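Descriptive structure summary
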Amino acid sequence: MSTAPDTGQSTLFDDLRDAVEAGVSAAEPAALAPLCRVGMVLRALLVAIAVTAIGLAFSHARLLDWALAMGTWATWVVPSALLWLLLACAAGQGLARRWPAWVAPVQALAGAVAAALVWQLLDHWRLAPRPASWLAPALAGGALALLMVRTVRWRERARLPATAAAQLADLQTRIRPHFLFNTLNTAIALVQHDPRRAEEVLEDLAELFRATLGTLNRASTLAEEAELARRYLSIEELRFGARLTVRWDLDPNAASARLPTLALQPLVENAVRHGVEPAARGGTIEVRSRRRRDRVLLSVTNTVPLEAAPRPGHGIGLASVRERLRLLHDLDADVHSGIIEDGRWRVSLSLPAE
């Protein structure tokens, strides 16, 4: 019994496994960008206020006394937290990239300085909650800042397994056997009379595979995601012919918005599978983006077949897009889907402009 020689080539799932392992080992030690987002700012304030409220509950038995004390202490807690967040955002990603080991100590020191500075100012104006030295506020501010930095680090580490699971699910739905079979058959049919187009089809398919096996924790841009979606739809246009109509209406000002890798392609694939494929006359897909000040609105709209019963889906593609958007942009991103007024199905994404 002979064995095949080792050619040094890996299978599709071997490459995906290697990409997952590389992504986990290359996890950022403590990215500071999430500290500047609305969701993390709200969490930082809530944590600081909650810790203060719990501490005051030990020294104030009456609810009214506790509430009055909370109002007084909030004059120190809230400005200190906001000042530390300002310092953390000003540090940017440079600190994490150049001196990753110093991220936590520097941020803890910044929290201590912010808390002590605000306390000294309040004490100077005789507005401090009670007479005390700057040491206690500094220790409290440093400890809370360290807690928030560690929270960001844990969140970044948790993002990689979730992204890997989402990409595995996408791989199962995206590179379906019949899609691969149809694409190769289309390329074979084009070889004889249009070899250039056959080459383009294979290049589009290769690009989709390359994107699938790309870096799991790398954010993409709307322009890059639109290009991948164009490649996918160009393959489907060959298969469906006149039955598939695609309309693009992309705002150039929204092209730099950050999206998770392969966030748009599952949406257009769902539009083809559920809106065009079951319809005898085909259907229309519209991809539209607009920038509104500091927000980017992205939508994928498709017609709904009237003569065919709706094909139930698993919702894996949309769920994974929603989850990865939440991990990338936290509370700054939103996803909605449903039937709109004219009877078409629309998936809408709202995310921050970059």
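Quick summary incoming for the structure in this document. (Residues numbered from 1 in each chain as written. Predicted model: local features only at pLDDT ≥ 70, side-chain atom pairs only at ≥ 80, totals over all residues. Heavy atoms only, no water.)

Overview of the layout of surface pockets
Roughly 420 Å³ of volume is contained in the second largest pocket. Lining the second largest pocket we find 24 residues, and of these Thr52, Trp76, Val77, Ala140 and Leu144 sit closest to its centre. At the level of elements, α2 (38-57), α3 (63-91), α5 (103-124) and α6 (135-174) are the ones that each hand at least two residues to the lining of the second largest pocket. For the lining of the second largest pocket, the class distribution of residues is 18 nonpolar, five polar and one charged. (1 Å grid on protein atoms, 1.4 Å probe; cavity = no way out; pocket = protein on both sides within 12 Å on 5 of 7 lines; lining within 4 Å. Points joined across faces, edges and corners; volume = space filled by probe spheres on them. Helix = DSSP H or I, 4+ residues; strand = E, 2+ residues; numbered from the N terminus. Nonpolar A, V, L, I, M, F, W, Y, C, P; charged D, E, K, R; others polar.)

Focus on the pattern of salt bridges
Counted by the stated rule, this structure contains ten salt bridges. Asp204 is the salt-bridge partner of Arg231, the closest N and O atoms lying 2.8 Å from each other. Placement of the pair is Arg231 in helix α9 (residues 222-240) and Asp204 in helix α8 (residues 195-212), with a sequence separation of 27 residues. For Arg231, a relative accessible area of 22% puts it in the partly exposed group. As a salt-bridge pair, Glu227 and Arg231 come within 3.7 Å of each other at their nearest N and O atoms. Here Glu227 and its partner Arg231 are both found in helix α9, four residues apart, which amounts to about one turn of the helix. For Glu227, a relative accessible area of 39% translates into the label partly exposed. (Salt bridge = Lys/Arg side-chain N within 4 Å of Asp/Glu carboxyl O. Buried < 20%, exposed > 50% of the residue type's maximum accessible area, 1.4 Å probe, protein only.)

Describing the packing of aromatic side chains
Overall, the coordinates contain three aromatic pairs when judged by the stated rule. Judged by centre distance (5.8 Å) and plane angle (45°), the rings of Trp73 and Trp119 are tilted. Of this pair, Trp73 sits in helix α3 while Trp119 sits in helix α5, and the two are 46 residues apart along the sequence. Each member of the pair, Trp73 as well as Trp119, carries the same accessibility label: buried. Owing to a relative accessible area of 2%, Trp119 belongs among the buried residues under this scheme. (Phe/Tyr/Trp six-rings, centres within 6.5 Å; stacked < 30°, edge-to-face > 60°.)

Structural notes on the side chain of Ser80
Note that Ser80 resides in helix α3. The exposure class assigned to Ser80 is buried, which follows from its relative accessible area of 7%. In terms of polar contacts, Ser80 uses its side chain to reach the backbone carbonyl oxygen of Trp76, at 2.6 Å. What Ser80 contacts, discounting residues up to four positions off in sequence, is Ala114, Ala115 and Val118. (Polar contact = N/O pair within 3.5 Å; in protein donor to acceptor, adjacent residues only side chain to side chain. Contact = heavy atoms within 4.5 Å.)

A short note on a nonpolar patch on the surface
On the surface, Leu117, Leu121, Trp125 and Leu127 cluster together to form a nonpolar patch covering roughly 420 Å² of accessible area. Mapped onto the fold, Leu121 is located in helix α5. (Patch = residues over 30% accessible without salt bridge, like charges linked within 9 Å, V, L, I, M, F, W, Y side chains within 5 Å. Areas by Shrake-Rupley, 256 points an atom, 1.4 Å probe, with all protein chains shown as cover.)

Quick notes on the environment of His329
With respect to the helices, strands and loops of the structure, His329 is situated in helix α11 (residues 316-329). The exposure class of His329 is buried, given its relative accessible area of 2%. For the pair His329 and Gly39, spaced 290 residues apart in sequence, the C-alpha to C-alpha distance is 8.7 Å. Excluding residues that lie within four positions of it along the chain, His329 makes contacts with Arg37, Arg258, Leu351, Pro352 and Glu354.

Digging into the nonpolar core
If you look at the biggest cluster of nonpolar residues, it comprises 40 residues, and the most contacted ones within it are Leu259, Leu264, Val268, Ile285 and Leu349. Among the elements that make up this core, the one with the highest residue count is α9 (seven residues). Those residues in contact with Ile285, other than ones at most four positions away along the chain, are Leu233, Leu244, Thr245, Val246, Arg247, Val268, Ala271, Val272, Val276, Val300, Thr301 and Asn302. Leu35, Ala44, Trp84 and Leu85 belong to the second largest nonpolar core, which has 15 residues in total. (Core = buried A, V, L, I, M, F, W, Y, C linked by side-chain atoms within 4.5 Å.)

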